[in-house]
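# Structural overview
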Amino acid sequence: MAIADMICGNFKVEESFFVYRSSSYLTQFFQDCGTEFAHDGSTRNYWVANTLRQILVEPHPNAQTPPVAFLRVIQALMDSADALNEGSDRLGALALLNNVLGREGFEAFYAEDKQCYLQHIATQKIVSVTTDPHRPFSASELKRRAQLLIYLDIASEDELIEEVLLPLFRQLGFHRITAAGHKDKALEYGKDVWMKFILPTQHVLYFGIQVKKGKIDSSGVTKSGNANVSEIHNQVLMMLGHEIFDPEIGKRILVDHAFIVAGGEITKAARNWLGNKLDASRRSQILFMDREDILNLYVVTNLPLPQGAMPETLANEEDEPPF
């Protein structure tokens, strides 16, 4: 209830450290936190408290790590731009929040990025919104995952690249993501996309990506919509052996790693077949990403769904007068 009052801003205006939120702003607040809760018109702080209870029972890795949605709630609540009657460091708001969190063994603090984080007091472990694709998912995240799964079944290969993979890789921190497209196949040289990743040491790794819409297997007969791994073999060799031009440094370079990405499953037999065909040095350059990897990474990075994956909404048509 104490945190609910902070979210609602239920304090005297001249003394409050938290902005006042009416019904519509409460709905917007929780939507900004990546949830689908909408205020039902009931007493605001009781509704918020019940919403927080629902959030806190969502799956979480361990007792020292609250659910991801709760961490987003704390970050949104303590946004420095919402400072009221105090400076942007929000010392007053932080003191009130920590008075509540301390009873549960947590402490809130601002990091150098001006974002508010939680720390488990006993273990001194900093708790942050994790992008671990293997963590438990909340009910809303499972719903988004199911919607994206349906979209992957109907999306073309170009849509898989443009609407799903490019936004995902950008969110994961890759740079200069360039799609070769399918207008001129002769210029792809075995890759649909190339990109680079800058390490903390400022060294740069280059990646080429070969994308297939369906399942990749090693069967003798390839079904419609599937790709045989033998087709991928030559494309991978071409990708690793062909230089790309990076206009940012004005040089031609070889890719360091090759991503094989499938909108469907990459079977274990296909992975083994390709591994046996490549020598040890080449084998270490191959990275696989199949449907499960795409779905999980897309959800944990909290990316908005592609337009084609959004549930259809019926237009509100005005009733015609009966005369």
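In what follows, the structure referred to is the one given above.
So, here's what we can say about the structure.

Cut-offs applied
Residues numbered from 1 in each chain as written. Predicted model: local features only at pLDDT ≥ 70, side-chain atom pairs only at ≥ 80, totals over all residues. Heavy atoms only, no water. 1 Å grid on protein atoms, 1.4 Å probe; cavity = no way out; pocket = protein on both sides within 12 Å on 5 of 7 lines; lining within 4 Å. Points joined across faces, edges and corners; volume = space filled by probe spheres on them. Helix = DSSP H or I, 4+ residues; strand = E, 2+ residues; numbered from the N terminus. Nonpolar A, V, L, I, M, F, W, Y, C, P; charged D, E, K, R; others polar. Pairing = 2+ DSSP bridges. Axes fitted to C-alpha atoms, helices over the stretch in contact; angles between N-to-C directions. Contact = heavy atoms within 4.5 Å. Phe/Tyr/Trp six-rings, centres within 6.5 Å; stacked < 30°, edge-to-face > 60°. Buried < 20%, exposed > 50% of the residue type's maximum accessible area, 1.4 Å probe, protein only. Expected span 1.5 Å × (residues − 1). Bend = angle between axes of the 7 residues up to and from the residue.

## A word on the layout of surface pockets
Its boundaries defined by the atoms lining it, the largest pocket holds a volume of some 420 Å³. Those elements giving two or more residues to the lining of the largest pocket turn out to be α1 (2-8), α3 (44-56) and α5 (91-101). If one sorts the elements of the lining of the largest pocket by residue count, α3 sits on top with four residues. Residues that form the lining of the largest pocket fall into these classes: 15 nonpolar, three polar and three charged.

## Focus on the sheet that holds strand β2 (residues 116-120)
What the three strands build is an open sheet, ordered β1-β2-β3; its pairing is antiparallel. Among the strands making up the open sheet, the edge pair consists of β1 (106-110) and β3 (125-127). Taking each pair of neighbouring strands and ignoring which way they run, the sheet shows an average axis angle of 35 degrees. One ladder, built from five bridges, connects β1 with β2; its direction is antiparallel. Across the sheet, Glu107 pairs through a bridge with Gln119, a residue of β2. In this fold helix α4 (residues 68-77) packs onto β2 and β3, with an angle of close to 130 degrees to the strand it touches most, β2. Packing against the sheet, α5 makes contact with β1 and β2, and its axis sits at approximately 160 degrees to β1.

## Observations concerning the packing of aromatic side chains
Between two aromatic rings, the relevant description is the distance of the centres plus the angle of the planes. Within this structure, the stated rule accounts for 11 aromatic pairs. With centroids separated by 5.7 Å and ring planes inclined at 45 degrees, the aromatic side chains of Phe169 and Phe259 adopt a geometry described as tilted. Here Phe169, found in helix α7 (residues 157-171), pairs with Phe259, found in strand β11 (residues 257-262); they are 90 residues apart in sequence, far enough to count as distant. The class of Phe259 is buried, set by a relative accessible area of 9%. Each member of the aromatic cluster is reached from another via a ring pair, and the members are Phe169, Phe174, Phe197, Phe207 and Phe259.

## A closer look at the sheet that holds strand β4 (residues 175-179)
Within the open sheet, the five strands sit side by side as β4-β5-β6-β11-β12. Their pairing is mixed. Here the strands that pair on one side only, and so sit at the sheet edges, are β4 and β12 (286-289). Averaged over all pairs of adjacent strands, the angle between their axes in this sheet comes to 20 degrees, without regard to strand direction. In this sheet, β12 lies alongside β11 in parallel orientation, the contact comprising four bridges. The residue of β12 that forms the bridge with Ala258 is Ile286. Where helix α8 (residues 229-241) meets the sheet, it contacts β6 (204-212), β11 and β12, and its direction lies at approximately 155 degrees from that of β6.

## Here we look at α7
Between the first and last C-alpha of α7 there are 20 Å, a value that for 15 residues agrees with the 21 Å anticipated at 1.5 Å per step. The largest bend in α7 comes to about 35 degrees, at Leu165, with the proline Pro167 one to four residues further on. If you check which residues of α7 are buried, you get Leu160, Ile161, Val164, Leu165, Leu166, Leu168 and Phe169. At the C-terminal side of α7, Gly173 shows a positive phi close to 105 degrees.

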